[in-house]
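Survey of secondary and tertiary structure
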Amino acid sequence: MSTNHNGEFFYPSEELKSKLHVKNYDEIYQYAAEHPESFWSVIASELSWFKPWDKVLEWEYPFARWFVGGKTNIAYNALDRHVNTWRRNKLALIWEGENAEVRTYTYLQLQREVNRFANVLKAMGVQKGDRVSIYLPRIPEQMIAMLAAAKIGAIHTLVYAGFSVEALRDRINDAESKIVVTADGGFYNGKVVPLKNIVDEAVSKCPSIISVIVVKRTGADVDMTPGRDLWYHELMALPIASPKCDAEEMDATDPLFILYTSGTTGKPKGVVHSHGGYMVGTYITTKWVFDMKEEDTHWCTADSGWVTGHSYVVYGPLLNGATTVMYEGAPTYPLPDRWWSIVERHNVTIFYTAPTAIRSLMRYGSSWVNRRDLSTLRILGSVGEPINPEAWLWFYKIIGQERCPIMDTWWQTETGMHIITPLPCTPLKPGSASKPFPGIVVDVVDEEGESVKPGEEGFLVIKTPWPAMLQTVYKDPERYKQQYWSRFPGVYFAGDSAKKDEDGYIWIIGRVDDVIKVAGYRLGTAEIESALVSHPAVAEAAAIGKPDPLKGNIIKVFVILKFGYEPSEKLAQELKNHVGHELGPIAKPAEIQFVESLPKTRSGKIMRRVLRAQELGQPVGDLSTLEE
Ligand code: ATP
Ligand code: MG
């Protein structure tokens, strides 16, 4: 099957359903829609507050302030709240290095490390509201540095380790950070990824930086600039690094972090999130979407350089008191079953990843999966792009063994938390993120902002504020208004196009900028690509529109073949016919180019604007987030 927009339903088993936190979506959705403030305040009350809020929501369009007057601290809720209970001896983090090293931290151990680093930061002069840049590989210190900053009220701003000098420098300068925390390198795909030299070059033009803190990970030789660079382990051995540190009492609306978007559609935006609302949103989505329970071991494969890592590696699981897994390296190192061996060895119960990863692992076939025992898995998740039904079914059958529902979660850096997503009780349609999370109101609208009819394509909007909503674009409230609130007055414009089907299920069909108009028809990139991937020879595909005097546009597709298939004229023709057959003649690509790789952001999203610009010989724009 490929893109059947009404499709067959996949139902959770009665056994799974009987034990879920949420057994009836409609009931809760309706309650939340009728009483949004009481809905969100009941959820917020499950967390700890130094002082309760006076007002659930202050909506000064387009700026939302949640839990106004309330005092809390997200790090207190992620750690101290559990350490004050029996959970102090429960595992908070299981970390595995690419070199097979394993480190584990109980809640108490993690809290102590965080407190020690929080005290180090304080001693170095970092104060509430100051920015701390974090440019670290996926090692425990990444999480420790985030939580330490949060604990003292500093604002963390992560930059994916692997970004170039310029990308790092721009982000440090935009945030005007005082400190950057980095490492002597990280292990990825059998190689040492150097980081320190990139930091050195970047900070040579970052006037706000007073100090560079370096974690020893690989033992590689690095230059240490006297007076500026300090070893993390040496600082942590000083008497100032006491394991006791009280959490700073933060206003719910105080900023927690700045994170730059993936840059799929253009220059990244510095998205600002708060302690209170963001905490409530990530807490409850983790709990309900993944049905997180006390005994769960949660593995989200994302890097914390992306919002997915912030919300669903670090904050969501820890706020719920679960065990979170972090893996440093490449999915296929040393062999293509590395991920499945991690699931097996650490008894992972919830597994959350991205379509791009699923498609690339599918290329190796199922035998690598079948040698592993994945019977602990209970819930699967997908995020980052529309998941094509082909990949969905492989994930469902081969990884989940038809036992584990797949939560296809649509959300953004800006939304902070899942927005459109199934819950495990939701009947699933492969390729649809299904329905909005309770308390969230979305719609698909036309150019005039009117709801479109079922089956028609339109713009995805969010109609009411939600707790983890971005507060602004850092230092640029005008861009915030312009980008999200100007296209359709009164509602949040997400930048994605979508359809709603007869059952009210939402299908994301691509970026608004990527929609291809052919002879008056509008076609989603996701539909065309998904049709291609449903052909046995195709591993990945990207579709773009190319101006054509007659048709307005023609469709050009770039195709990566599965191992064992060779490019040929015949195959190209076969693929064109296949798309025509699946979607109708209008969607038939005019041109096919076989390629070895596609331009992607480092978070794995296809950058169609780059393909389009290259094809048309135009400037490619901001490339700071392009993968090597
Ligand atoms: P920029 O805004 O700078 O172009 P970006 O939008 O890629 O970057 P993110 O915030 O990381 O940055 O990505 C959010 C986007 O990812 C969504 O707007 C959507 O296009 C896509 N996306 C995420 N999850 C899903 C999903 N489950 N289904 C479909 N699309 C998804
Ligand atoms: Mg975006």
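By the naming in an unreviewed UniProt entry, the protein goes by Acetate--CoA ligase and is assigned to Thermodesulfobium narugense DSM 14796. Quoted verbatim from the Sequence similarities (unreviewed entry) field of the UniProt record, the comment on the protein reads "Belongs to the ATP-dependent AMP-binding enzyme family."

**Observations concerning the overall build of the protein**
On a plain count of helices and strands, the protein comes out with 19 helices and 30 strands. Judged by the C-alpha coordinates and their principal axes, the protein covers about 70 × 55 × 50 Å. Across the 628 residues of the protein, 63% fall into the buried class. Residue pairs at least 24 apart in sequence account for 71% of intrachain contacts in the protein once pairs closer than 6 positions are excluded. As presented, the protein carries roughly 23000 Å² of accessible surface, and 50% of it is formed by carbon and sulfur atoms. Taking the average place of the 68 positive charges on the side chains of the protein and the average place of its 77 negative ones, the gap between the two points comes to 2 Å.

**Concerning helix H7 (residues 165-175)**
For H7, every residue scored as buried is listed here: Val165, Ala167, Leu168, Arg169, Arg171, Ile172 and Ala175. Against strand S6 (131-134), strand S7 (155-158), helix H8 (196-203) and strand S14 (255-260) lie the buried residues of H7.

**Points about the UniProt feature "domain: AMP-dependent synthetase/ligase" (unreviewed entry) in the protein**
When the UniProt feature table is mapped onto this chain numbering, "domain: AMP-dependent synthetase/ligase" (unreviewed entry) sits at residues 80-466. As a span, residues 80-466 carries 30% helix and 21% strand, and end to end its C-alpha atoms are 26 Å apart.

**Focus: the site of ligand 1**
Lining the immediate surroundings of ligand 1 are 21 residues, of which Thr261, Ser262, Thr264, Thr265 and Thr413 lie closest. One nitrogen or oxygen atom from the main chain of Gly263 is found 2.8 Å from an oxygen atom belonging to ligand 1. Asp408 is positioned with one of its side-chain polar atoms (N or O) 2.7 Å from a nitrogen atom of ligand 1. Across the shell around ligand 1, the residue classes tally to 5 nonpolar, 9 polar and 7 charged.

**Thoughts on the sheet that holds strand S24 (residues 492-500)**
Adjacent strands of a sheet pair through backbone hydrogen bonds, lying either parallel or antiparallel. Reading across the sheet, the 4 strands line up as S21-S22-S24-S25 and stay open at both edges, with antiparallel pairing between neighbours. A strand with exactly one partner marks an edge of an open sheet, and here the two such strands are strand S21 (442-445) and strand S25 (506-511). Each strand axis lies, on average, 45° off the axis of its neighbour in the sheet, ignoring direction. Strand direction decides the pairing type here: S24 and S25, joined by 5 bridges, are antiparallel. Bridged to Lys500 within S25 is Ile506. Strand contacts of helix H17 (residues 525-533): S24 and S25, with the helix running at about 100° to S25, the strand carrying the most contacts.

**Let's talk about the packing of aromatic side chains**
What describes a pair of aromatic rings is the distance from one ring centre to the other and the angle between the planes of the rings. Inspection of every chain in the model, using the stated rule, returns 45 aromatic pairs. Residues Phe290 and Tyr312 carry aromatic rings whose centres are separated by 6.0 Å and whose planes lie at 80° to one another, so their mutual orientation is edge-to-face. Here Phe290, found in the loop between helix H10 (276-289) and strand S16 (297-300), pairs with Tyr312, found in helix H11 (residues 307-319); they are 22 residues apart in sequence, far enough to count as distant. As far as the burial class goes, Phe290 and Tyr312 line up, both buried. Put simply, the rings of Phe39, Trp40, Trp49, Trp53, Trp66, Phe67, Trp288 and Phe437 touch in pairs and so form one group of aromatic residues. Above the face of the Trp95 ring, Arg103 is positioned so that its terminal group lies 4.9 Å from the ring centre.

**As for the packing of H10 against H11**
At a closest axis distance of 8 Å, the pairing of H10 and H11 adopts a crossing angle of 85°. Here H10 lies roughly perpendicular to H11, going by the angle between them. The residues of H11 that touch H10, namely those facing Tyr278, Met279, Thr282, Tyr283, Thr285 and Thr286, are His310, Ser311, Tyr312, Tyr315, Gly316, Pro317 and Leu319. Classifying every residue of the contact of H10 with H11 by side-chain character gives 7 nonpolar, 6 polar and no charged.

**Things to note about unusual backbone geometry**
When glycine is set aside, most residues are seen to have a negative phi, and most peptide bonds are trans. Of the consecutive residues Tyr61 and Pro62, the connecting peptide bond is found in the cis state with omega at -5°. Take Pro62: it is sitting in the loop between strand S1 (55-60) and strand S2 (63-68). Pro334 follows Tyr333 through a cis peptide bond whose omega is -5°. Among the secondary structure elements, Pro334 is positioned in the loop between strand S17 (323-327) and helix H12 (338-346). In this model, Ser434 sits at a positive phi of 70°, which is unusual for a non-glycine residue. Secondary-structure assignment places Ser434 in the loop between strand S20 (406-408) and S21. Residue classification places Ser434 among the buried positions, given a relative accessible area of 1%.

Thresholds applied
- Residues numbered from 1 in each chain as written.
- Chains lettered and ligands numbered in written order.
- Predicted model: local features only at pLDDT ≥ 70, side-chain atom pairs only at ≥ 80, totals over all residues.
- Heavy atoms only, no water.
- UniProt positions renumbered as here; feature names shortened; annotations may be inferred.
- Helix = DSSP H or I, 4+ residues; strand = E, 2+ residues; numbered from the N terminus.
- Buried < 20%, exposed > 50% of the residue type's maximum accessible area, 1.4 Å probe, protein only.
- Contact = heavy atoms within 4.5 Å.
- Areas by Shrake-Rupley, 256 points an atom, 1.4 Å probe, with all protein chains shown as cover.
- Lys, Arg positive; Asp, Glu negative; His and termini not counted.
- Charge placed at Lys NZ, Arg CZ, Asp CG, Glu CD.
- Near = heavy atom within 4 Å.
- Polar contact = N/O pair within 3.5 Å; in protein donor to acceptor, adjacent residues only side chain to side chain.
- Nonpolar A, V, L, I, M, F, W, Y, C, P; charged D, E, K, R; others polar.
- Pairing = 2+ DSSP bridges.
- Axes fitted to C-alpha atoms, helices over the stretch in contact; angles between N-to-C directions.
- Phe/Tyr/Trp six-rings, centres within 6.5 Å; stacked < 30°, edge-to-face > 60°.
- Lys NZ or Arg CZ within 6 Å of the ring centre and 35° of its normal.
- Parallel < 35°, antiparallel > 145°, perpendicular 65-115°, else oblique.

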